[in-house]
Amino acid sequence: MKLLLLPIIFALLGFVFSSKQFIRNYNKLSPYTGLVVYYAILFVVIWVLQKVGLVIGGESFTSLRQAIGSIFVIFAFFVIVDWESCWVNYVTKNHCDESKVSNVYMMSEDGALFDLWSKVIKNKNTVRLFTYVLSPFLLCLIGLLLLNTHVGPNLSVLN
């Protein structure tokens, strides 16, 4: 039965998160708020998996610090492979008209970072480098430092 627990939970989450009501309400959120909600859900799932014995690479993940580190690494990875930002629209359609896409589309990791960097930097190619190169590098580095059990304080408050 324990083998079926995670697939059943995923099926229930899929049912809820794909419902029209959830998507319509989620679409009302700003891109940043939506991304925070998304990562809160992801964090809770990782934390629960830790509590039921998550093991990666032969190492048990049990601390809050490791859960946060996992989130940083996951975020960095999805910045690189999501391709849901104004940059992608600039490259493929030569413009980014945010009024023609749903807020959910802009709630991606790269979408939020590209928008954030665009508020500070005006050159789109420089924004691309900050979004897809510098940010993932720094986020992944921070995540790995948090995942490393031999570096920094152990934030095992929730154990």
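Placed above this text is the structure.
Residues numbered from 1 in each chain as written. Predicted model: local features only at pLDDT ≥ 70, side-chain atom pairs only at ≥ 80, totals over all residues. Heavy atoms only, no water.

Draft legend 1. Geometry of unusual backbone geometry. With a phi angle near 70°, Asn-94 is a residue other than glycine that sits in the positive phi range. Judged by its relative accessible area of 69%, Asn-94 is exposed. (Buried < 20%, exposed > 50% of the residue type's maximum accessible area, 1.4 Å probe, protein only.)

Draft legend 2. Layout of the state of the cysteines. Enumeration over the complete set of coordinates arrives at 1 disulfide. The disulfide partner of Cys-86 is Cys-96, and the gap between their sulfur atoms is 2.1 Å. With the S-S bond torsion at -50°, the cross-link from Cys-86 to Cys-96 turns out left-handed. With a gap of 10 residues between them, Cys-86 in helix α5 (residues 86-93) and Cys-96 in the loop between α5 and α6 (109-118) connect regions that are remote in the sequence. According to the relative accessible area criterion, Cys-86 is buried, its value standing at 7%. For Cys-96, a relative accessible area of 18% translates into the label buried. (Disulfide = S-S within 2.5 Å. Helix = DSSP H or I, 4+ residues; strand = E, 2+ residues; numbered from the N terminus.)

Draft legend 3. Layout of the packing of helix α4 (residues 64-81) against α6. Between α4 and α6, the shortest axis-to-axis distance is 7 Å and the interhelical angle comes to 85°. One way to sum up the angle between α4 and α6 is to call them roughly perpendicular. Between α4 and α6, the residues in contact are Phe-75, Phe-78 and Val-79 and Glu-109, Asp-110 and Leu-113, respectively. Of the residues in the contact of α4 with α6, the class split is 4 nonpolar, no polar and 2 charged. (Axes fitted to C-alpha atoms, helices over the stretch in contact; angles between N-to-C directions. Parallel < 35°, antiparallel > 145°, perpendicular 65-115°, else oblique. Contact = heavy atoms within 4.5 Å. Nonpolar A, V, L, I, M, F, W, Y, C, P; charged D, E, K, R; others polar.)

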